[in-house]
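# Topology and contacts: notes
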Amino acid sequence: MNFEGLDPGLAEYAPAMHSALDPVLDAHLNPSLLQNVELDPEGVALEALPVQESVHIMEGVYSELHSVVAEVGVPVSVSHFDLHEEMLWVGSHGGHATSFFGPTLERYSSFQVNGSDDIRQIQSLENGILFLTKNNLKYMARGGLIIFDYLLDESEDMHSLLLTDSSTLLIGGLQNHILEIDLNTVQETQKYTVETPGVTIMRQTNRFFFCGHTSGKVSLRDLRTFKVEHEFDAFSGSLSDFDVHGNLLATCGFSSRLTGLACDRFLKVYDLRMMRAITPLQVHVDPAFLRFIPTYTSRLAIISQSGQCQFCEPTGLANPADIFHVNPVGPLLMTFDVSASKQALAFGDSEGCVHLWTDSPEPSFNPYSRETEFALPCLVDSLPPLDWSQDLLPLSLIPVPLTTDTLLSDWPAANSAPAPRRAPPVDAEILRTMKKVGFIGYAPNPRTRLRNQIPYRLKESDSEFDSFSQVTESPIGREEEPHLHMVSKKYRKVTIKYSKLGLEDFDFKHYNKTLFAGLEPHIPNAYCNCMIQVLYFLEPVRCLIQNHLCQKEFCLACELGFLFHMLDLSRGDPCQGSNFLRAFRTIPEASALGLILADSDEASGKGNLARLIQRWNRFILTQLHQDLQELEVPQAYRGAGGSFCSSGDSVIGQLFSCEMENCSLCRCGSETVRASSTLLFTLSYPEDKTGKNCDFAQVLKRSICLEQNTQAWCDNCEKYQPTIQTRNIRHLPDILVINCEVNSLKEADFWRMQAEVAFKMAIKKHSGEISKNKEFALADWKELGSPEGILMCPSIEELKNVWLPFSIQMKMTKNKGLDVCNWTDGDEMQWGPARAEEEHGVYVYDLMATVVHILDSRTGGSLVAHIKVGETYHQRKEVSEGVTHQQWYLFNDFLIEPIDKHEAVQFDMNWKVPAILYYIKRNLNSKYNLNIKNPIEASVLLAEASLARKQRKTHTTFIPLMLNEMPQVGDLVGLDAEFVTLNEEEAELRSDGTKSTIKPSQMSVARITCVRGQGPNEGIPFIDDYISTQEQVVDYLTQYSGIKPGDLDAKISSKHLTTLKSTYLKLRFLIDIGVKFVGHGLQKDFRVINLMVPKDQVLDTVYLFHMPRKRMISLRFLAWYFLDLKIQGETHDSIEDARTALQLYRKYLELSKNGTEPESFHKVLKSLYEKGRKMDWKVPEPEGQTSPKNAAVFSSVLAL
C-alpha cells in the first residue's frame, strides 16, 4: 500500500522507538484489550488474547471472531494469510514478525526480521516466508531460521514484491526500475526500467503485470517483455490500493486539491476487455484498501483508515446498509488482507492489534492446507565424550552414516581444467570507421555496447543498450536520424558543451543575439524554464513579485523575485534559476504532485513533460497566491465560499482568479448552488470525432461552462440521485490561463482535424480570387485572412496547422451566461473601441504566450515557449531608440530568437504539441501599479543571530557594519566565497583520448566573506557567513575551501551560520547600492551564488593581471610576486583571500598610475609571465613560517 496520503500522525512512529525485541506497554493502548494479560516487572505478556465468551457468528455475514496483540504499541505494517498452512503472518513498523495459527490465533512464532526498518510486504512460499524491508529481502523458515538474506543497494527504497512463479520474484519501489530475483541462485537476473517511478503495488493475472505508481497511475505490462501495454491515469494525487478480478480493475486513491491531497470517494473501475474506464463507483467511506472477494458474485470490500468497511458490486451502486465497523484499538487501520478461501479477513491497527473477521464459526484460511509442524522437545542421543586434546583419539568414535555415493569433495579433474572465455568479435562499424596511427586504431563509439564494458552474452542482441541521450560524435550517426530533420533546428533541445575552462569559452551569443536573458538547462528540474520566462514577461506579475519580500527561508515568491531581478540586469547573458529550484525542491506539495524529477528521468526524457509542465503551472500559481496572500492580508481566508475565498485580496488572485458558480440540479427539482474560484481552466474536448468545424472559442466556452450528469446526494430526496451539474462564471480574470491537456492521440487528432478544416475554409473563402488566375504560385497568395485577422498572411504555409486565434472576445450575459467568439480586426472596426470594456461588459483577450512540447525521440523531448514581448521590455533593454512595437520571440532555454507571429499558433502535432496558453486583457498594464520599490533595506547588514547552537563570541571572525559605516556608491568591498560539491562531475573519455564533460559538478556556496575596502577599519571583514545547507554534501573540498564536515550543521557547528537567503539579501543590497566588488575569480563566485552583478561593479584581479591569450594566474602566485605574501598554505581562507585581493588592487593602481600608463604596466605583466614560466608557476615553500594572516586584524576582531 502507498502510505503517502495517509494520516500525518503516523510520523510519530519512528523506527528507533521500536528497536527492542521485547515491546513494552504503550500509553495509548486500549486497556480493555489487556484485561486478562498479566503484567510483571519484566514486561508485558505477548500471548494471544483469549475470547472471553463464545462468539455467535452468522453464516455468510462477516463478524469479528478474535482480536490479539501482535506487538504492544507498535503499528502493524503488513498482514498476510499463509497460502500453504493455516497461519496468519503480521509484520510491524519495528521490523518484528509474528505468526498466529488457526482461527483461534494462537501464537506460533515471533522473531526480529530487521533491526531498524519496517516490514513492507510478506509473501509465503512452500519452504518459508519472504520478508521485504526498505533495502533488504530476507527468506526465513516459519520457525525463524534464516534461509538467505539478500541486501539491496542502500539507495533503494522498496515497497512491493510479486511472485511470478515458484522461483522468480519481482521487487519494486520508489526507483525508476524493477528488479527480477532468481530465488534458486539468489541473484538479480534482470533490471526492468519503468517510465513512471514509484511502483508501490504489483498484481498479476494471466494476461498482464499490473503496477501501481505513487503518481496515481496503473500500468499494464507484458508478461514476457515487461513492456507497457496500457496505462490508466486513475488519480491526480496518489494511488492507495487496487485489485484485479476477471476483466475488472478497481482502484482507490487520492486526488489533488488546492489544500493538498484528499481521499477520493469514487473508485475508478476499468474494463480490461475494452481497456477503458466504466462508471466510477461512489462509496460512503474514505477508501484506503480494497479487495475483490469473489464468492457467488464479484464483491468488493472497501476499507477506510478509521475502520469502516463496505461491500458493494463493482458495476452497481453502493448501499449504505452494507457498512460494518471494525473497532481498532488505535486510531487507524494500517493493513488489510483476505484469505485464499475468502472466509477470513485480517485487520491490523496502529496500536499493534490484529482483528480477525470471518463469515463462519470455524473458518479455514486455505481450501487445502497442509499440516503445520509444531516444535517438539529436543531429543539428543547420549554420545561418549571426546577429548580433543588427545592426538591418538580415534575419529571413528564419531558416528558417520555409510554411503556408496560419490562424495561432494571428490571433484572430477575435467571440471578443474582452466577454460578461458572466447573474446567477442569487434563491431563491424568500428572496423569500418577506424583510422590507424602506427599500430593503434581510433574509431568513434557506435554506442551499441555499454561504455567501457564488453558483455559476453554473444547470442543475445544488445540493442537495449543503445543510448540516445547524447548526440553521436560521428557525423554518419547524425545523418541516420531522419526525425531530426522534421524538428526545426531552433526547436531542438539545446545543450551546453563544456571545455577545460567550463562555460567561459562557450559561445552563448551564437544562440541568443538579443539583449533578453535565457536560462541554463543543466540544473535539476530546469524543465520549468519556459514557464519562468512566461511569468517574467507578464508585466504586473513581474512588478508584484519583485516588490515581495518575506522572512520565510524557502519562499518561491522571494526566489522568483530575485531571479526576475537577474533577468532585468542581464544584457543577453544567460541566467540560472538554481536558488529558485533549490527552494522548489523543498516544497512538500511539489514532491507530492510528482513535480520533482530524478536526474536520470530528466536526462532521458522519461517523464511526460506536457503533463508535468501543466501540473507545474497550476502549482506555481497556487503557491504564489498563497505566499502573497499570507503576507499582504492575513484575514483573507475569512470569506465564505470557494477554493480561495477572498481571492481578490491577493494581487495574484486579482490577476488570475475567476469566480465560479457551481449548480447541482436534481431531477426532483431541488437546486444547490455554491461559489468557488479557480486560477486556470483545462480544455474539455467534444466527444464528436467528425470533421465538422469547431471554433476554439466554442471549445473554450464548453470548458469554462461545464455541464455534466453525475450521481450526487440530494438533501430533498435524502439519497443519491442523478443530477445535472453546471458551472457558470461570475467574474472574468484579467489573465486567462488554459491547460490544453493534449495527452493522447485522441486530443492530438482533434487539433489536427480542426486545423485542416480551418485551412480548407480559408482556401474556400478566397476561391473566387484563385479561380481568376489559372497558373497560381505560392508567392501570389495575398490578402488571405488569418485566424487573428489583424495582419494578412503572405503565404499558404502560414495558414497550415493553425486553429488557435490570436484574440478572443468574451461577454457576460444578463442571465449569468458567457459568450465567447474569435476576435478579428474587422470586428474591432465594426463595434468600435468604446464597446470593448466597461459599458457593455465585453472583454477582448490577446494571446500573449504559448508553451509547447517538442516531441523528439532522440533527446527525450523538450519544452519551449512563444512569448509576445511588450514595449516596456524593449525600452528597458534599449533594443532601439523609440521602441513602440511588440515582437514574438522563441524561448528555448538559452536560445532566444525573434519569430513571426504565425509561428506561435502553428502546431504540427507530429512534433509540436500545445501545452499551455496565456491570454491577457487588452490595456491590462494600465490597471495596475507597475512601480518597483526595492524591498531590501540597509538593516540586513546589521548584526544577526547565528543558527549554530554552539557558537561563542570568541569564535567571531567579523565585525558587523555600524550605522555610520554604511557603504556608498563606488565604495570598495573585498569579496571571496568558498564552495562544497553536491554532485560530482559526469564526464566521458572519447576514443581519441580527450575528455568530454557531460554534466558539470553541482556546487553550493558554503562561506561568503566581505571585508571593508576603505576607512579606518580597512581589511576587517563585516560579513563572514557560513551557509547552512539541508542537501547532502558529496565533497567538502577542505583543501581548497577550508570547510570541514560539521561546519554547516547547526547542531555542532561553532561558526556564524546563516541561511543562504539571509546572506543573499546582504549581497543584493550591496549590489543595489552601487559598491564595487574586488576579488579573484569573482565570475565563478557570483555564478554559484546565483547573482547577476553589472560589469562596472566588478574588479577582478584575475583579469587585471592577465595578458591576452595567456594563462590565468593564481591568487597565491600574484600575492607572492607583488606583495611578498605566502598565502593558502594548507587550506584556503576566504578572509585571507579577500584581503589579499584588495591589496593586489591597490598594487595595480600603483603600478598603472590609476590606469593612465598602460604601457609601463604591460612591461610589468611581461616580467610577471617570464618569472612564472621560470618558476613553473609554483610558489617556493616557506622556510619555517606559516602563511601570514595579519594577526593585528584578528586580534582586534577577537577583542571585540
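Residues numbered from 1 in each chain as written. Predicted model: local features only at pLDDT ≥ 70, side-chain atom pairs only at ≥ 80, totals over all residues. Heavy atoms only, no water.

## A word on the state of the cysteines
Considering all chains together, one arrives at zero disulfides under this definition. Unpaired in this structure, cysteine 252 has its nearest cysteine sulfur neighbour in cysteine 263, at a distance of 7.1 Å. For the unlinked cysteine cysteine 658, the closest cysteine sulfur is that of cysteine 705, found at 9.0 Å. (Disulfide = S-S within 2.5 Å.)

## What about the nonpolar core?
In this structure, Tyr527, Ile613, Trp616, Phe656, Tyr918 and Phe1077 are the most contacted members of the largest nonpolar core, which totals 101 residues. Those residues in contact with phenylalanine 1077 that lie beyond four places of it in its chain are Val973, Leu975, Leu1067, Leu1070, Ile1071, Leu1082, Phe1086, Val1093, Gln1097, Val1098 and Leu1099. By size, the runner-up hydrophobic cluster in this structure holds 57 residues, among which are Tyr491, Tyr498, Leu732 and Phe907. (Core = buried A, V, L, I, M, F, W, Y, C linked by side-chain atoms within 4.5 Å. Buried < 20%, exposed > 50% of the residue type's maximum accessible area, 1.4 Å probe, protein only. Contact = heavy atoms within 4.5 Å.)

## Let's talk about the pairing of strand E19 (residues 228-233)
The pairing of strand E18 (residues 217-222) with E19 spans five bridges and is antiparallel. Bridging across to E19, valine 218 finds its partner in phenylalanine 232. Where E18 folds back onto E19 in an antiparallel hairpin, the turn is made up of five residues, including phenylalanine 226, whose phi is positive at roughly 65°. (Pairing = 2+ DSSP bridges. Helix = DSSP H or I, 4+ residues; strand = E, 2+ residues; numbered from the N terminus.)

## Some thoughts on the pairing of strand E46 (residues 862-869)
Among the eight residues in E46, seven count as buried, and that is most of the element. Sheet topology note: the strand E45 (residues 842-854)/E46 ladder contains six bridges and is antiparallel. Residue pairing across strands places valine 851 opposite alanine 865, the latter belonging to E46. Pairing between E46 and strand E47 (residues 887-892): five bridges, direction antiparallel. Bridged to valine 869 within E47 is glutamine 887.

## What about the packing of aromatic side chains?
According to the stated counting rule, one finds 51 aromatic pairs in the structure shown. Here the aromatic rings of phenylalanine 208 and phenylalanine 210 are separated by 6.1 Å at their centres, their planes lie at 85°, and the arrangement is edge-to-face. An identical accessibility class is assigned to phenylalanine 208 and phenylalanine 210; each is buried. Grouped by ring-pair contacts, the aromatic residues Phe1105, Phe1117, Trp1120, Tyr1121, Phe1122, Tyr1145, Tyr1148, Phe1161, Tyr1169 and Trp1177 constitute a single cluster. The ring of phenylalanine 242 has arginine 203 sitting right over it, with the charged end atom 5.5 Å from the ring centre. The positively charged end of lysine 921 is found above the aromatic ring belonging to tyrosine 843, 3.9 Å away from the centroid. (Phe/Tyr/Trp six-rings, centres within 6.5 Å; stacked < 30°, edge-to-face > 60°. Lys NZ or Arg CZ within 6 Å of the ring centre and 35° of its normal.)

## Considering the UniProt feature "binding site: a divalent metal cation" (unreviewed entry) in the protein
In this structure's numbering, the residues bearing the UniProt feature "binding site: a divalent metal cation" (unreviewed entry) are Asp976, Glu978, Asp1085 and Asp1137. A stretch of 162 residues holds the annotated residues, and the largest C-alpha distance among them is 12.8 Å, short enough that they meet in one place. Once you skip the residues sitting within four places of it in the chain, aspartate 976 turns out to touch Arg1007, Ile1008, Thr1009, Asp1085, Ser1134, Asp1137 and Ala1138. The topology assignment puts glutamate 978 in strand E50 (residues 972-983). Since its relative accessible area comes to 5%, glutamate 978 is described here as buried. (UniProt positions renumbered as here; feature names shortened; annotations may be inferred.)

## Observations regarding the packing of helix H4 (residues 529-536) against helix H6 (residues 556-569)
Across the interface, H4 lies against H6 with an axial gap of 11 Å and an inter-helix angle of 75°. Taken as axis vectors, H4 and H6 run roughly perpendicular relative to one another. Each of Ile532, Gln533, Leu535 and Tyr536 in H4 lies in contact with H6, whose residues at this interface are Leu560, Leu563, Phe564, Leu567 and Asp568. (Axes fitted to C-alpha atoms, helices over the stretch in contact; angles between N-to-C directions. Parallel < 35°, antiparallel > 145°, perpendicular 65-115°, else oblique.)

## A short note on the sheet that holds strand E12 (residues 158-165)
If you walk across this open sheet you meet the four strands as E12-E13-E14-E15, and the pairing is antiparallel. Strand pairing shows two members of the sheet lacking a second neighbour, E12 and strand E15 (187-193), which therefore form its edges. On average, each strand axis in the sheet is tilted by 25° relative to the strand beside it, whichever way the strands run. For strand E13 (residues 168-173) and strand E14 (residues 177-182), the ladder comprises five bridges, and the chain directions are antiparallel. Paired with leucine 170 across the two strands is glutamate 180, which belongs to E14.

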